[in-house]
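Next come the chains, spelled out residue by residue.
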Amino acid sequence: MSFLDYAPAPESRSVVTIESSYGLFIDGEFGPGKATFKTINPADEQTLAEVALAGSEDVDRAVAAARRAFPAWSGLPGAERAKYLFRIARIIQERSRELAVLESLDNGKPIKESRDVDLPLVAAHFFYYAGWADKLEYAGFGPAPRPLGVAGQVIPWNFPLLMLAWKIAPALATGNTVVLKPAETTPLSALFFADVCRQAELPAGVVNIVTGAGDTGRYLVEHPDVNKVAFTGSTDVGRQIARAVAGTGKRLTLELGGKAANIVFDDAAIDQAVEGIVNGIFFNQGHVCCAGSRLLVQESIAEELLDSLKRRMATLRVGDPLDKNTDVGAINSAAQLARITELTEAGDAEGAERWSPPCELPGQGFWFAPTIFTGVTQAHRIAREEIFGPVLSVLTFRTPAEAIEKANNTPYGLSAGIWSEKGSRILAVADKLRAGVVWANTFNKFDPTSPFGGFKESGYGREGGRHGLEAYLV
Amino acid sequence: MHGLPGVDKVGVEARAAALSTRSIKTTSKAAAIDLAIRMVDLTTLEGADTTGKVRALAAKALRPDPADPSCPPVAAVCVYPAMVPAVAEVLRGSGVHLASVATAFPSGQAPLEVKLADTRDAVAAGADEIDMVISRGAFLSGDYRHVYDEIVAVKEACGPAHLKVILETGELGTYDNVRRASWLAMWAGADFIKTSTGKVPVAATLPVTLVMLEAVRDFRAQTGRQVGVKPAGGIRTTKDAIKYLVTVAETAGDDWLSPDWFRFGASSLLNDLLMQRTKLTTGHYAGPDYFTLD
C-alpha cells in the first residue's frame with residue numbers, strides 16, 4: 001500500500017506510570033491481599049504489574065468499609081454527592097491520556113478506541129449521573145427513593161474502565177457505597193480509578209476495589225452484608241450468580257452474553273452498511289457483548305455485500321495496540337484466544353467457509369485475524385454460541401419475516417442492527433426484534449442517557465439513562 | 001440512476017471523520033507530501049487574471065520550490081480558456097499538463113453550441129485537459145438525459161484532451177445526488193469527476209470525495225474502466241491533503257494514488273505542502289517569505 005504502509009505512529013507508553021505492584025483499595029487505602037497475581041500485556045505477554053489477590057477476609061474488610069461509609073454518604077444531600085461525581089468526571093478527562101494508554105496496555109484494545117470511545121464515554125457517564133444525584137425524587141421512582149446500601153459489583157475485561165463507570169456512577173449518585181471487583185486480566189484501570197477517587201477526596205470506604213479471580217468475585221457476591229449485586233460477564237457465571245443470590249433478598253442485575261443479528265436489507269446504503277458490519281464485529285476485537293456477530297444479509301445482495309466487506313476487511317490494520325493507526329488489537333488473554341480458536345475450528349468442521357484477509361500477525365502475544373464465515377446455517381455452533389472475538393458468521397434470508405425469525409431464534413437478546421434506507425421497514429422490523437437495543441443504520445453506539453440491557457439469556461435489569469437508577473434505589 | 005444504492009449521510013460523514021484520524025508520520029508523511037505536490041492542479045480562475053499572472057503561475061508549476069531541485073513539479077496548471085496560449089508557451093514540453101475550464105464555467109448556463117465552441121477553442125489553443133461543468137439546473141430538475149447528452153457532446157469536442165466533469169457538489173444538496181451525478185458523468189465518458197468550481201460557498205469536502213471515490217471504484221469493478229477524481233476548492237493545508245490521500249488509499253485503493261487518477265484543484269495548498277516538505281527535510285520551519293507567491 002505505498003505510503004500507506006503507514007510509518008509507525010505509536011502513542012507514548014511513558015505518559016502513564018505503572019507501579020511494579022498494586023494493593024487492594026479498601027477504606028481509602030491501598031493494602032496487601034492474601035496473595036498476588038500478575039497482569040500482563042496481551043500484545044507481548046510481558047508482565048505489567050503484580051496485583052494483590054483478595055481472599056475472603058479481604059472482601060470482608062472491603063464490605064465492612066463500604067458499610068461504615070454508607071450512612072454518611074447516603075446522608076449527604078444529592079447536590080453534595082454530585083460535586084464528587086463531577087470532580088471524578090473532570091479528573092478522568094484531565095488524565096484521559098494516561099488512562100487510555102493504561103487501558104490499551106492491559107486490555108490489548110487499540111489506542112484509537114480507548115482514546116476516542118472508552119475514555120470519552122467513561123467521563124460522560126460520571127457527568128451524566130452526577131446530574132441525577134440531586135434530582136432523584138423526580139426520576140419516577142416515588143417521592144423519596146432511598147439507596148440500597150452496599151453494592152457488590154463484578155465487571156468484565158472487555159471494557160474495564162467503561163464497565164466500572166457504568167456500575168459505579170449510578171451507584172454513587174443514588175447514595176450507595178461500592179465494592180467492585182475488576183476482571184483478573186484487566187485490573188489496572190480500576191486501580192488507577194482508585195487513585196482518582198483519592199484525588200477527588202471521595203470519603204474513605206465509598207469506593208473499594210478488590211482484585212482477584214473467580215473466587216474473589218464469589219466471596220463478594222455471596223457476602224451476606226451486600227445489598228445489591230451487579231454483574232456484567234458471561235451467561236455461565238451469570239447463572240451461578242443468580243443461583244447464589246436467589247432467596248437472599250439481594251437485588252440483582254445481570255448483563256450477559258449476546259449473539260446479535262445485524263440485518264442488512266437489499267435497500268440498505270451498502271457502503272455504510274459495510275462500515276457498520278465492520279464496526280459491529282471488529283470493534284474491540286469483537287470482545288463486545290452486543291457485537292453484531294451474526295450478519296443476516298438479504299440473499300439478493302449477498303454477493304455484492306460480501307465482496308465489499310472483504311475488500312474493506314483487507315484495509316483493517318491488525319497489530320500494536322498503542323499504534324494510533326491500529327484498527328484491531330490483541331485478544332485479551334490466552335484463554336480467550338483458545339476459546340475463539342476452538343469455536344472457529346468447529347465452524348470449519350461443520351462445513352462453513354472461513355475467510356480472512358491476508359494479514360501478518362505479531363509473533364508475541366495473543367492475536368486472531370479478522371475472520372468471516374460464509375455458508376453458515378442456524379444449526380452451526382458459530383451461529384448460536386457467543387465467540388467473543390473478531391469472527392463474523394454470515395447467514396442469508398429472503399424476506400423480512402424470515403430475517404426477523406432468524407434474528408430472534410437465539411437464546412440471547414441483547415442487541416440487533418437493521419440496515420435499510422426505508423424508514424417504514426426499519427420501524428416495522430425493530431418492533432418485532434426481541435433485543436434490548438436495536439440500532440438502525442448504525443451499530444455499537446453508546447450514550448449514558450440511553451438504557452442498555454438484554455432479553456432472555458442476555459440478562460435482566462437496565463444500565464444507563466434514567467432506567468439505570470432503578471437498580472440502585474428502593 | 002435511482003437504482004444505485006443510497007448513501008447514509010451520518011454514516012458517510014462518520015467514515016470520513018474516522019479516516020481523518022489516521023496518523024501519518026515521518027517517512028509516510030514525506031511520501032505523502034511529494035505525492036500531493038505531484039497531484040496539484042495549480043489553479044487561477046479570476047476575472048483579474050492576466051498573461052503575466054498565469055505565466056508566473058506556470059513557472060511555479062514547473063519548479064515549485066526554486067531552492068530545492070528535488071521538489072517535483074505539479075500535475076497541471078488550470079486557467080480560463082483565454083489564458084491558455086500564454087501558459088502553453090511556458091509549459092511546452094515539460095510534461096506538466098495544461099487544464100482549462102470550459103463550457104461557460106462556472107455556471108454552465110449557456111447554450112450547448114457556446115459550450116462546445118468554448119471547449120474546442122481551449123483545446124485548439126493548447127489545453128490537454130478540459131474541466132467542464134454540468135448543468136446543475138437540468139440535473140436538479142431531473143433531466144438527466146440533458147446532462148448526459150451534454151457531457152457526451154463535450155467529450156467529443158475535447159478530441160484527445162482529457163475531460164474532467166465538475167459536478168458542483170455544493171449545489172447538488174445530497175450525497176445521493178453526488179453518487180448519481182458521478183455515475184451519470186462516468187457513463188457519459190468522463191475521464192475524471194471533479195467536485196467543485198470553487199465559485200460556490202461549499203467546495204470539496206472529505207465525505208463528498210469519499211462518495212465519489214466509492215463511485216469510481218464501483219464503476220471500474222462493473223465496467224473495467226478507471227476514472228479519476230479531483231476534489232477542488234477549500235483544500236489549503238498539508239494536513240487536509242493527507243486526509244484525502246488516506247481516503248483515496250483506503251477507499252479506491254492504490255491504483256488511484258497517482259496524478260493520473262487523483263488531483264487536487266488548489267492554489268494556496270502548494271505553498272503549505274512546500275513549507276511542510278522543507279520542515280521535514282531540514283527539521284525547522286522556514287517563514288512564508290521563503291516560498292514564492294505567484
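Residues numbered from 1 in each chain as written. Chains lettered and ligands numbered in written order. Predicted model: local features only at pLDDT ≥ 70, side-chain atom pairs only at ≥ 80, totals over all residues. Heavy atoms only, no water.

**A few points about the state of the cysteines**
Residue and element names in this part refer to chain B. Our working rule: Two cysteine sulfurs form a disulfide in these notes if their separation is within 2.5 Å. Here's how the labels work: a residue is buried when its accessible area is under 20% of the maximum for its type, exposed when over 50%, partly exposed in between, all with a 1.4 Å probe on protein chains only.
Applying the stated criterion to the full structure yields 0 disulfides over all chains. The thiol sulfur of cysteine 71 is not disulfide-bonded, and the nearest other cysteine sulfur, from cysteine 78, lies at 20 Å. According to the relative accessible area criterion, cysteine 71 is buried, its value standing at 7%.

**Observations regarding helix 3 (residues 96–107) of chain A**
All names here are of chain A. Put simply, the rule reads: Numbering of helices and strands starts at the N terminus; helices are DSSP runs of H or I of at least 4 residues and strands are runs of E of at least 2. Helix span, expected: 1.5 Å multiplied by one less than the number of residues in the helix.
With 12 residues, helix 3 should cover 16 Å at 1.5 Å per step; its first-to-last C-alpha distance of 16 Å lies within 8% of that length. When you tally the buried positions in helix 3, you get 9 out of 12 residues, the bulk of the element. Phi for glycine 108, located one or two positions after helix 3, is positive at around 95 degrees.

**A few points about the domain arrangement of chain A**
Residues and elements named next belong to chain A. Our working definition: How far each domain reaches was decided by an automatic or database domain assignment. Contacts were defined at the residue level, with two residues in contact if any of their heavy atoms lie within 4.5 Å. The term buried area refers to how much accessible surface (probe radius 1.4 Å) is lost by two components on association, counted for both of them together. By convention in these notes, a salt bridge is any Lys or Arg side-chain nitrogen within 4 Å of a carboxyl oxygen on Asp or Glu. Here a polar contact is taken to be a pair of N or O atoms separated by no more than 3.5 Å, where protein atoms must pair a possible hydrogen donor with a possible acceptor and residues adjacent in sequence count only if both atoms sit in side chains. When residue character is reported, Ala, Val, Leu, Ile, Met, Phe, Trp, Tyr, Cys and Pro are called nonpolar, Asp, Glu, Lys and Arg charged, and the others, Gly included, polar.
Considered domain by domain, chain A is made up of domain 1 (13–256 + 456–470) and domain 2 (261–440). The straight-line distance from the C-alpha centre of domain 1 to that of domain 2 is 30 Å. With 32 residues of domain 1 in contact, the opposing surface of domain 2 contributes 32 residues. With both chains or domains summed, domain 1 and domain 2 bury close to 2,600 Å², and 56% of this area falls on carbon and sulfur atoms. Interface area lost by domain 1 to domain 2 is led by Trp157, Lys456 and Ser458, which between them contribute 22%. In this assembly, domain 1 and domain 2 are joined by 1 salt bridge. Of the charged contacts in the structure, one is a salt bridge between lysine 112 and aspartate 327, with a shortest N-O distance of 2.5 Å. For the pair domain 1 and domain 2, the interface holds 16 residue pairs in polar contact (both at pLDDT 80 or more). Elements supplying a minimum of two residues to the side of domain 1 that touches domain 2: helix 3 and helix 4 (111–132). By residue class, the composition of the side of domain 1 that touches domain 2 is 11 nonpolar, 9 polar and 12 charged.

**A word on the sheet that holds strand 11 (residues 261–264) of chain A**
Residue and element names in this part refer to chain A. Heads up, the rule is: Any two strands with at least two DSSP-identified bridges between them are counted as paired. Note on definitions: angles span 0 to 180 degrees between N-to-C directions of axes, and those axes are lines fitted to C-alpha atoms, for helices only across the stretch in contact.
Overall, mixed pairing links the 7 strands, which are arranged 13-14-15-12-11-16-17 in an open sheet. Of all the strands in the sheet, the pair left with one neighbour each is strand 13 (353–355) and strand 17 (437–440). Between one strand axis and the next, the sheet turns through 20 degrees on average, direction left out of account.

**Topic: the sheet that holds strand 2 (residues 76–79) of chain B**
All names here are of chain B. As summarised here, the arrangement of the 8 strands in space is 7-6-5-4-3-2-1-8, forming an open sheet in which the pairing is parallel. At either end of the open sheet lies a strand with only one pairing partner, and these are strand 7 (228–230) and strand 8 (264–266). Taken over all neighbouring pairs, the strand axes of this sheet differ in orientation by 25 degrees on average, direction set aside. Direction of pairing for strand 5 (residues 162–166) relative to strand 6 (residues 192–194): parallel, over a ladder of 3 bridges. Bridging across to strand 6, valine 165 finds its partner in isoleucine 193.

**Section: the packing of aromatic side chains**
Residue and element names in this part refer to chain A. Rule in force here: Paired rings are identified among Phe, Tyr and Trp, the last through its six-membered ring, by centres lying within 6.5 Å, and are further divided according to the angle between planes into stacked (under 30 degrees), edge-to-face (over 60) and tilted (the rest). A ring is considered to have a charge above it if a Lys NZ or an Arg CZ atom is located within 6 Å of its centre and within 35 degrees of its normal.
Summed over the entire model, instances satisfying the criterion amount to 19 aromatic pairs over all chains. Taking 6.1 Å as the distance between ring centres and 45 degrees as the angle between the ring planes, the aromatic pair formed by phenylalanine 86 and phenylalanine 127 counts as tilted. A residue pair is termed long-range when its members are at least 10 positions apart, and phenylalanine 86 in helix 2 (residues 78–94) and phenylalanine 127 in helix 4 qualify at 41 residues. Take phenylalanine 127: its relative accessible area is 27%, and that puts it in the partly exposed class. Three or more aromatic residues link up through ring pairs in this structure, and these residues are Trp166, Trp439, Phe443, Phe446 and Phe452. Seen from the ring of tyrosine 472, lysine 228 lies directly overhead, with NZ or CZ sitting 5.0 Å from the centre. In this structure, arginine 425 packs its charged tip against the face of phenylalanine 265, placed 5.2 Å from the ring centre.

**Observations concerning the interface of chain A and chain B**
Every contact between the two is made by 26 residues of chain A and, on the other side, 28 residues of chain B. In total, about 2,100 Å² of surface goes out of reach between chain A and chain B, with carbon and sulfur atoms giving 49% of it. Our enumeration of links across chain A and chain B arrives at 4 salt bridges. Here arginine 217 of chain B makes a salt bridge to aspartate 271 of chain A, at a shortest N to O gap of 2.7 Å. For the interface between chain A and chain B, the tally reads 9 residue pairs in polar contact (both at pLDDT 80 or more).

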